[in-house]
Amino acid sequence: IFLQFTQFDLCHTRGDTVGIMAHFSDCGKHCSDPYCKQQDLLPFDCDACGKAFCSQHFKYEAHQCTGRSDKDRRVIVCPLCDMAIPHTGDENVLFEAHVASGACVPKVKTEKPRCPVKGCREKLTFSNSCECGSCGLKVCLKHRFEDQHDCRPKTSCRTAVGSGFLTQLKRLTAA
């Protein structure tokens, strides 16, 4: 019986034992870099020029890619206005041109509110502030209890209406 092996060949290992060994010569691709030509089983395809490269030459700079400018989407962020400026050259020149263009409007920094308790300078944020249920004052977590801050309970409409109703009820029942 004659067997034909396409990717496997018979080989001798340890004496008379016959085994099958895989050949990967037809798998993968050769690196497109003219000085490398390394065969890679998992090559990288450049999205700009479409050629296959090994792990050392897949970056645009490593293989001097000609289609790089079409895919380059780098930006620098202006520290004054947080606007994204397309990166096309020297960062200092780009930043100066951005400021000179009038598009750069510096943000006005607003200070975060602080705890209103005398002597406390804690900044009130979402996670470290609490609104008092009695007086409605927004204070830090250290002063969240009524005895820790100057708590003056506000009178609500319900209490005023309820107290008026109770006084009228007392008058009617007394008469």
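Residues numbered from 1 in each chain as written. Predicted model: local features only at pLDDT ≥ 70, side-chain atom pairs only at ≥ 80, totals over all residues. Heavy atoms only, no water.

Chemist: Mind showing me how you'd approach the side chain of H63 here?
Modeler: Mapped onto the elements of the fold, H63 is located in the loop between β6 (52-53) and α1 (68-71). There is a polar contact of 3.0 Å between the side chain of H63 and the backbone oxygen of H57. Engagement of the side chain of H63 in a polar contact is seen with the backbone oxygen of K59, the distance being 2.8 Å. In this structure H63 touches C46, C49, F53, H57 and F58, once residues within four positions along its chain are discounted. (Helix = DSSP H or I, 4+ residues; strand = E, 2+ residues; numbered from the N terminus. Polar contact = N/O pair within 3.5 Å; in protein donor to acceptor, adjacent residues only side chain to side chain. Contact = heavy atoms within 4.5 Å.)

Chemist: Just to check I follow, could you spell out the environment of R73 for this structure?
Modeler: Here R73 lies in the loop between α1 and β7 (75-77). Residues R73 and H87 lie 14 residues apart in sequence; the distance between their C-alpha atoms is 7.6 Å.

Chemist: What is the right way to look at the packing of aromatic side chains in this model?
Modeler: Any aromatic ring pair is given by two values, namely how distant the centres are and how the planes are angled relative to each other. Evaluation of the coordinates by the stated rule reveals one aromatic pair. The interplanar angle of 25° and the centroid separation of 4.4 Å between the aromatic rings of F44 and F58 together place this pair among those described as stacked. Of the two residues, F44 is situated in strand β5 (residues 44-45) and F58 in the loop between β6 and α1; the sequence distance between them amounts to 14 residues. The class of F44 is partly exposed, set by a relative accessible area of 37%. On the accessibility criterion, F58 (34% relative accessible area) is partly exposed. (Phe/Tyr/Trp six-rings, centres within 6.5 Å; stacked < 30°, edge-to-face > 60°. Buried < 20%, exposed > 50% of the residue type's maximum accessible area, 1.4 Å probe, protein only.)

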